[in-house]
Each structure stands twice: as structure tokens, then as C-alpha cells.
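# A look at the structure
If you want the building blocks of each chain, they are given just below.
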Amino acid sequence: MSARRATNRPITLRTAAHRFPRAANLLTALLFLAPALIIFALFKFLPMGRAMTMSLQEVNYYLGNRWVGLQNYTEVVTDERFGQAIRNTLLLAVGATLGSILLGLLLALLLEGQARHLWLIRTAVFLPTVAAMAVVAEVWRILYYPTADGAVNSVLGWIGLGPSQFTNSEDTSLLSVMAVGIWRGAPYDMMIFLAGLAGVDRTLYEAAEADGARTWRRLWHVTFPALRPVFVILVTLACIRGLRVFTEVYLMTNGGPNGSTETVMTLIFKRGLEQHELGIAAAGSMILLAATVALTLAVQAARARRSKEVTA
Amino acid sequence: MTAVETPPATVRDKRAAVRVPRRRRVSARTETALGFSAWRGPAGMVSRIFVYGLLVFVFAGPLLALLSSSFSHVTDPSKLTLIPTDFTLDNFRRAIDRDVLGYLLNSFIVVGGGLLLQVFVSVSASYALARKKFPFLRLIFLLILSTMMLPEEILAIPLSIVLADVNLIGSLLGMIIPVGAWGFSILVMTEFMKEIPAELEEAARIDGAGDLRIFWSIVLPLCRPALGVIGIFGFTMIWDQYMLPLLVATDSHQFTLPLALRGLRSDEEVGLGVVIAASLLALLPSVLAFLAMQRQFMRGLTSGAVKG
């Protein structure tokens, strides 16, 4: 077909697509991407932009917004309550992350295997992870009932401990919230570890067995090195999730007693939606966002460097 | 196409033949890292029963207690019961009086609408990302990945302002549309679509099929396994939403069930009964969905986590 005959035809969508294949290709791709890009733009990137501008403003519905430079940030950084919230959030994130990973690894080692009863036990143990956080928080509020005949206190009583005040006391509230995070997080980590364990070369175990290596030496020298990439992934994911911890704290203690479980997110929520200090809340959000992004990029960079070392 | 999934009999026979002369296993202890499940003798048996029992008690016990307590009289605020006592439906009756079925209906509307939208958006975006070559492809992909670092929690305050600007506050649509696009689900779907051989698509294109036709009758049917993965993940993710409904709902008519639990904590007649029954109703859909689609769930768990 000559070019001349093609130009004589009336231009329709189809002929246009034939004549400008690259433009048509881009247009089709954008059409398929449009729903996702529109939703992301509206509910992810636009709010992020709003957070940026609001964090530099004193937001007021009636008098209009006023630019205040970095004043919101300095207030957040110097505020005693924010300081406490940042400490609590870091403690909670690190504690829940490490606790989940260690317990998850233990669970994976204990429950690894092909047998059907093991599969059933794994399914039962995994249930906390699929339960909605709001349900988990309500259940643990009841279990943590702070008298001697409360559920957890009864169990502690069998082994001669307690009774504890749990979320009602400043000394134990943060640990209690952390324990719930570990209870829900460990089974998730278990499943990831199990996938990692399935990939370990069985001939290495046989070789270790033939060399007379004891179980813990085999774990240390064969299993754990093989799981290293899994550790890195879990730490990244858990830290990022840990920094934005909100629902369980909001429902179990709402930051109390006396700020002992206040996290950055619960405080931002209070300052922003309850006290209408939107500028301060936005500055807090931006700091949290920066920490999340920095952490993610740092772990990615460390991972990239390590894989380069291995190939070099 | 079936030949790709199940190799012809001769190939399978050859594989089996290779497996037979392999060295005999030294012991069952090398099957697993710890060898706990292969610990022989009465000591091994007793420790196994104790450890397995303890793990099930600690992790599943609290949720089982929710099940049996919701059918028991629980006036004492300190106790959940693992063994149902004094069977009753009063807790559910009171819960229904307090409009728990309305909250449950809201939850189903949100999860149904949100999931439909999410699957449609993910599949459509993944088709462009996986099967098309165009300028800025990598940039757009990175942009979509970066949204996973922008959760509702961190953006809560500005998000509530944007929701108000587009008139979605006080409407269930405000809980549905924002969860319609999810980076994780697009990522999983894109990875899967990349695996579909290009020959199928080229053959269809030579036969004169357009993009929509190829998408609908070639790519989509082949993606069924991945649809299961993003379906079950989307369901649990939307069911677990708390911040978004909290920002959107202006009064209790728009509450989803997880959001309503807080307001049901105590009741003058049945005490904890109402919140226990309501919690059970909020727990069951996600647990049942997980049990029904466990295999797809596990596949998504490992693929999503490995990709970071």
C-alpha cells in the first residue's frame, strides 16, 4: 500500500493509529493507566503537596492561611509532647519489629515441615495477621483487664507472675501495646521465613549432618546465612509500618496514660483533627514522611551495595 | 497451552527416573532446618504436643475465645471464655438492636465496591506497564511504587481536606475511591503479566485485534491466578482500613463495622456481650476469605515481600 493512497483515505482513529504508531501507543498506554494515575494524583500526591504547603502555614478557616516559614517545624521539634511521641514511636517500632522477627523465626523453625498437622497449626497461628486491627485491639483490651482475674493476668498467675496493670499503668502500657504488635506481626514474619527456609538447599543439611555438625551449628552456618535477604526485607517493611503506628494505639490507650503510649500519628491526629492546628499536624506528617522515605532508601542502598560486593 | 503447565508424560517420566537413583536420605532430620518435627521417641512427642498446644493457645486462643464468648453470658468485664457456658444469643440480639447489621452492610458495600474498583484499576494499569513500551515508562512505574510509602495514616490530615474539597466526606464513596488504586496490587499484577509470552499477543495483533480485544480475551484470562492473589489481598487490606473511614464518616450511619466497635464497648444489659458479638462479626469475613483463598494469599505474601 503506497503512502499516497493512505493519505487519500479519510482520517479515522484507526488510520491515525497506523500513521503515528508511537503516539498511538503512548495514548493507549496512558488510557489504560489513567484510572490509577487519577486516583493516585488525587488521594496520594495532592495530599502530599497540601501537607508540604500547610506545614509552612498557619492554617485558619476564617482569617485565611498565613505563611509562617519553618515555625511549625521548630514547634514540633522543640515541643515536649512531640519529643515524647517520637521516642515512643521509635521504641515501639524497633521493639515490635525485632520481637516479631525473632518470634517469627522461632515459629518458622518450630513449624517447618510438610505434614498436614503442621499446616493446620500454621494456619491457626497465622489468624491474628488477617484479623482487622480494630478487632485485635478490642480483644486485647478485654484480655488485658487489669484485675487479678483478667484473662492475661490469670495466665500470668499460673506461672507465678502478675497481676499487671497493662495499658492502665505508665510503666507497662508501651510494652503492652508492643506485645500486641508482636502477636499480630510474628505470624506474618513466620510465613516469610518459611518461604525462605523452603529455598535452602537440602544437600547442605545433609553435608552438615555427615560432617557431624550439631543442630545449632547447622542453623548458624547454613540456615541463617541463607535467610539473610529475608531479614533485610522484614526489617525494612516492619520499620516503615512501625513508624506510622496508629490504630492499635488509638483504640487501646489513645496515647494514655499520661502520654506514655503517645505516638507521632496519634498526636498528629489530635493536634490536627481535634485541636484544628493543621499546620502543626502537617509539619509532623512531613517529618514522619521524610523518616519513612529516608529509611526505605537507606535500606535499598545497603542492599544494592551488598549485592555489588557479592558479585565483585 | 496445557502443555506449558503440565509437561508431556515422557518428560515427567524422565524426571522421575532421575530422582530415583539419588542418594538415600541420611535421616529425616535433614528435611527441616531444626529437625523438631522429626525428633523421635516419647520425649520428642511430649515436647511437640506441648509446644504446638502452646502456640495455638497463644495465637489462636484469643480469637477462639471471641467465638465462644459471643455465645455465652459475659457480664463480667474481666473475662473471655474459651469453653462456651450458658449458651445464649442475647449478645447478637443486643448487637442487632444497636444497628450492627447496618455497620456490617456498610462494610460489605465498601469492601465490595473498593475491591471491584481496585481490581479493575490494577489490571488496567498493569496491562500498560507490562505489555506496552512507551516513553517515561520507568518514571511512571517508580511513581506508582512510591505511593506505597504514602499511607493514609501519614497523609491523614491533608487527605481529610482533599476529601472535603471533592465532596466525599460523609459518603461511603469516600472510603471506596481512595482505596481503588493500590501500589502493591499493581506491582503483583505487572510482574505476572510480564510472564505472558509475547507470541500470543503478536499472533492476535496480526489477526487484527486491537488493544482492548487483546487485553480482554488474551491477557485477562491468563491472569486468573494473579487475580486471586490481588483479590484476597485487596479484601483483607480494605477490611482492615481504619484511618480512612475515621476521616470520612461524619455520623454513625456511615460507620463500617471495625469503626463502630469502639462505640459498642459497654452495654448496660449484656456488658461486654455487644462488643464481643460485633467483634466476631468483624473478624469472620476476613478469616473466612483467608481460609477460602489461602493458597493465593501465601503466593502473594512471598511475591510481594521478596520484591520489597
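Residues numbered from 1 in each chain as written. Chains lettered and ligands numbered in written order. Predicted model: local features only at pLDDT ≥ 70, side-chain atom pairs only at ≥ 80, totals over all residues.

## As for the overall build of chain A
Scanning chain A for helices and strands turns up 14 helices and two strands. For 312 residues, the compact-globule formula gives about 20 Å, and the C-alpha radius of gyration of chain A, at 27 Å, lies well above that figure. For chain A, the C-alpha atoms occupy an extent of roughly 95 × 70 × 40 Å along the three principal directions. For chain A, the residues scored as buried account for 44% of the 312 residues in total. The long-range share in chain A, meaning contacts at least 24 apart out of those at least 6 apart in sequence, stands at 66%. (Helix = DSSP H or I, 4+ residues; strand = E, 2+ residues; numbered from the N terminus. Rg over C-alpha atoms; globule rule 2.2 N^0.38 Å. Buried ≥ 20, exposed ≤ 12 C-beta atoms within 10 Å, placed from the backbone. Contact = placed C-beta atoms within 7 Å.)

## Overview of the overall build of chain B
Check the secondary structure of chain B and you find 17 helices and zero strands. When burial is assessed residue by residue, chain B has 41% of its 308 residues classed as buried. Within chain B, counting contacts between residues at least 6 apart in sequence, those at least 24 apart form 73% of the total.

## Regarding helix α3 (residues 41–59) of chain B
Residues and elements named next belong to chain B. Helix length check: α3, at 19 residues, gives a terminal C-alpha distance of 27 Å against a target of 27 Å (1.5 Å per residue), a fit within 8%. Residues Tyr52, Leu55 and Phe59 constitute the buried set of α3. Around the axis of α3, the buried residues are gathered within 65° of arc, so they sit on the same side. Opposite the buried face of α3, by more than 90 degrees, sit the exposed residues Pro42, Ala43, Val46, Ile49, Phe50, Gly53 and Leu54. (Expected span 1.5 Å × (residues − 1). Arc of directions from axis to C-beta.)

## Concerning the domain arrangement of chain B
All names here are of chain B. Looking at chain B, the domain boundaries give domain 1 (33–88) and domain 2 (98–307). Placing a centre on the C-alpha atoms of domain 1 and another on those of domain 2 gives a separation of 32 Å. Of the residues in the side of domain 1 that touches domain 2, the class split is five nonpolar, three polar and no charged. (Domains from an automatic or database assignment. Nonpolar A, V, L, I, M, F, W, Y, C, P; charged D, E, K, R; others polar.)

## A look at the domain arrangement of chain A
According to the domain assignment, chain A consists of domain 1 (3–54) and domain 2 (75–311). For domain 1 of chain A versus domain 2 of chain A, the separation of C-alpha centres amounts to 42 Å.

## Points about the interface of chain A and chain B
Contact with chain A, which involves 82 residues of that partner, is made by 76 residues of chain B. Here the residues of the side of chain A that touches chain B are counted per class, giving 59 nonpolar, 14 polar and nine charged.

## Notes on the nonpolar core
Grouped together as the largest cluster of nonpolar side chains are 171 residues, with contacts concentrated most on Ala36(A), Ala134(A), Phe193(A), Ala278(B) and Ala282(B). The dominant element in this core, judged by the number of residues it contributes, is helix α9 (residues 173–198) of chain A, at 14 residues. Apart from the residues within four sequence positions on either side, Phe193(A) is in contact with Gly104(A), Leu105(A), Ala108(A), Leu227(A) and Val230(A). (Core = buried A, V, L, I, M, F, W, Y, C linked by C-beta atoms within 7 Å.)

## A closer look at unusual backbone geometry
Residues and elements named next belong to chain B. Positive phi outside glycine occurs at Phe136, with the angle close to 65°. Along the polypeptide, Phe136 turns up in the loop between α6 (100–131) and α7 (137–146). Even without being glycine, Asn167 reaches a positive phi, approximately 65°. Within the secondary structure, Asn167 is located in the loop between α8 (156–165) and α9 (173–176). Among the residues examined, Asn167 registers 10 C-beta atoms within 10 Å and is labelled exposed.

## Focus on the confidence of the model for chain B
Residue and element names in this part refer to chain B. In this model, chain B carries an average pLDDT of 83, and 85% of its residues clear a pLDDT of 70 or more. Ignoring residues within four places in sequence, the model shows residues 1–26, a span with pLDDT below 50, making six contacts including any to other chains. ipTM for the predicted complex: 0.86, alongside a pTM of 0.86. (pLDDT = per-residue confidence, 0-100.)

## Some thoughts on helix α7 (residues 133–143) of chain A
Within α7(A), 11 of the 11 residues are buried, which leaves it mostly tucked inside the rest of the structure. Here α7(A) has its buried residues at Met133(A), Ala134(A), Val135(A), Val136(A), Ala137(A), Glu138(A), Val139(A), Trp140(A), Arg141(A), Ile142(A) and Leu143(A).

## Notes on the environment of Arg271(A)
All names here are of chain A. If you trace the backbone, Arg271 turns up in helix α13 (residues 264–274). In this structure Arg271 comes out as buried when scored by C-beta crowding, with 23 C-beta atoms within 10 Å. On a C-alpha basis, the gap between Arg271 and Ile233 in space is 33 Å, while along the polypeptide they are 38 residues apart. Aside from chain neighbours lying at most four places away, what touches Arg271 is Glu277, Ile280 and Ala281.

## Points about the environment of Phe269(A)
Residue and element names in this part refer to chain A. With respect to the element layout, Phe269 can be found in helix α13. Residue class for Phe269 comes out buried when judged on the 24 C-beta atoms lying within 10 Å of it. Note: C-alpha distance between Phe269 and Gln84 (185 residues apart in sequence) is 15 Å.

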